[in-house]
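# Working through the structure, step by step
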Amino acid sequence: MLDVCLLGCGGMMPLPNRALTSLMVRYNGSTVMIDCGEATQLTVRRQGWSFKQIDVLLVTHFHADHISGLPGLLLTMGNAERTEPLTIVGPAGVERVVNSLRIIAPELPFPIKFIELKEREEQFELVGLRITAFRVNHNITCYGYSIELDRRGKFDVEAAKALGLPVQLWNPLQKGQTVSYEGKEYTGDMVMGEDRKGLKVTYCTDTRPTDAITEHAAGSDIFICEGMYGDPADQKKAREKKHMTMYEAAEIAKEADPGEMWLTHFSPSLIKPKLYLDAVREIFPRTEMGKDRLTRVLNFEEEQ
């Protein structure tokens, strides 16, 4: 199970009724946060989720509306008596940028580990989740992220019995371990069915459309994508500033076919995003207009 919360859906600056774009995903007692702009802590508090459980912070890029809330967040986590390491992932230079911000948050009771992204695509395992970073097309280096909870196949009892394996060896095999029995070695793939569909959330802001976004959004239960502009007349502005319109995001979703798309990162001048929802749904019907603290609980298919 994954708990997914879009903390805010604003771009550039927080507004009285719209926080800056950030995401939290909870799994098995840990939380992964993507971006932390100014006042992000307020929406975390309003959501009632814990700061202490944030084990991973994924940074898309180094514009202020995506990272300027970090010093305050680190201090809050320290005040919550956190001692476990925090892992921060971001574009090359993330350690230098974060340490510069830490001039006003110099003493923390927990260490920070950094993963600096240097390739167009990188994948790693953190807190039991598979995380893929993929470069997008903004006016500075920027990454999107997919967060996946993989699911192994079912244990094949009949296959285990046919191999003559005693019951006490079944559990290690289910965990992917290799076991020895009567002079032979047995591996998990000998008694496990094909991998089953897991859970996947893809998050992407501050970019022009790219093939990489379509590729990684495919198979997602939720595709969270910027739709900074709703007025078709703003198409030129979107190209110049390396952002996307809602309609461009919908075209990506139409091709990638995720379970649903949430639009986010709205321009401060976009007062009523929902005015454009019907037009966007003509392109991709399973579109939700983002709002602060929009939340979903994702379960495996047969558990829904």
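Nothing here was measured: the structure is a model prediction, and the numbers come from that model.

Thresholds applied
Residues numbered from 1 in each chain as written. Predicted model: local features only at pLDDT ≥ 70, side-chain atom pairs only at ≥ 80, totals over all residues. Heavy atoms only, no water. Pairing = 2+ DSSP bridges. Helix = DSSP H or I, 4+ residues; strand = E, 2+ residues; numbered from the N terminus. Axes fitted to C-alpha atoms, helices over the stretch in contact; angles between N-to-C directions. Phe/Tyr/Trp six-rings, centres within 6.5 Å; stacked < 30°, edge-to-face > 60°. Lys NZ or Arg CZ within 6 Å of the ring centre and 35° of its normal. Core = buried A, V, L, I, M, F, W, Y, C linked by side-chain atoms within 4.5 Å. Buried < 20%, exposed > 50% of the residue type's maximum accessible area, 1.4 Å probe, protein only. Contact = heavy atoms within 4.5 Å. Polar contact = N/O pair within 3.5 Å; in protein donor to acceptor, adjacent residues only side chain to side chain. Arc of directions from axis to C-beta. Right-handed = clockwise from strand over helix to strand, strands pointing away.

## Here we look at the sheet that holds strand β15 (residues 287-289)
As summarised here, the arrangement of the 7 strands in space is β7-β8-β9-β12-β13-β14-β15, forming an open sheet in which the pairing is mixed. Both outer strands of the open sheet, β7 (121-126) and β15, are each paired with one neighbouring strand and no more. On average, adjacent strands in this sheet sit at an angle of 20 degrees to one another, irrespective of strand direction. Two elements, strand β9 (residues 143-151) and strand β12 (residues 196-204), share 6 bridges in a ladder whose sense is antiparallel. Bridging from a neighbouring strand, Leu-149 pairs with Leu-199 of β12.

## Details of the packing of aromatic side chains
The description of two aromatic rings rests on the distance between their centres and on the angle between their planes. Applying the stated criterion across every chain, the model contains 0 aromatic pairs. Lying over the aromatic face of Trp-49, Arg-26 brings its terminal NZ or CZ to 3.9 Å of the ring centre. Over the ring of Phe-110 we find Arg-82; its NZ or CZ atom is 5.7 Å from the centre of that ring.

## Brief notes about the nonpolar core
Residues Val-4, Leu-23, Leu-58, Tyr-145, Phe-223 and Met-261 are the most contacted members of the largest nonpolar core, which totals 55 residues. Here the element with the most residues in this core is helix α9 (residues 246-256); it accounts for 7 residues. When residues no more than four places from it in sequence are discounted, the contact partners of Leu-58 are Val-32, Met-33, Ile-34, Asp-35, Val-89, Ile-131, Tyr-145 and Ile-147. With 24 residues, the next largest nonpolar core counts Phe-51, Val-59, Leu-70 and Val-97 among its residues.

## Some words on the environment of Ser-50
Topologically, Ser-50 is positioned in the loop between α1 (40-47) and β4 (54-58). Within the structure, Ser-50 has its side chain in polar contact with the backbone nitrogen of Lys-52 (distance 3.1 Å).

## Description of helix α4 (residues 94-101)
Of the residues making up α4, those classed as buried are Val-94, Val-97 and Val-98. When α4 is viewed along its axis, its buried side chains cluster within an angular range of 95 degrees and face the same direction. Buried residues along α4 sit against α2 (64-67), α3 (70-79), β5 (86-91) and β6 (112-117).

## Quick look at unusual backbone geometry
The phi torsion at Asp-35 lies on the positive side, around 65 degrees, for a residue other than glycine. Asp-35 sits in the buried class, given a relative accessible area of 0%. Not every positive phi belongs to a glycine, and Asp-257 is a case in point at roughly 60 degrees. In this structure, Asp-257 sits in the loop between α9 and β14 (260-264). Given a relative accessible area of 48%, Asp-257 falls into the partly exposed group.

## Structural notes on the pairing of β6
Inspection of the sheet shows β5 paired to β6 by 6 bridges, in the parallel sense. Its bridge partner lying in β6, Gly-90 is registered against Glu-116. You can see the chain leave β5, run along α4 and come back into β6, and the turn it takes is right-handed.

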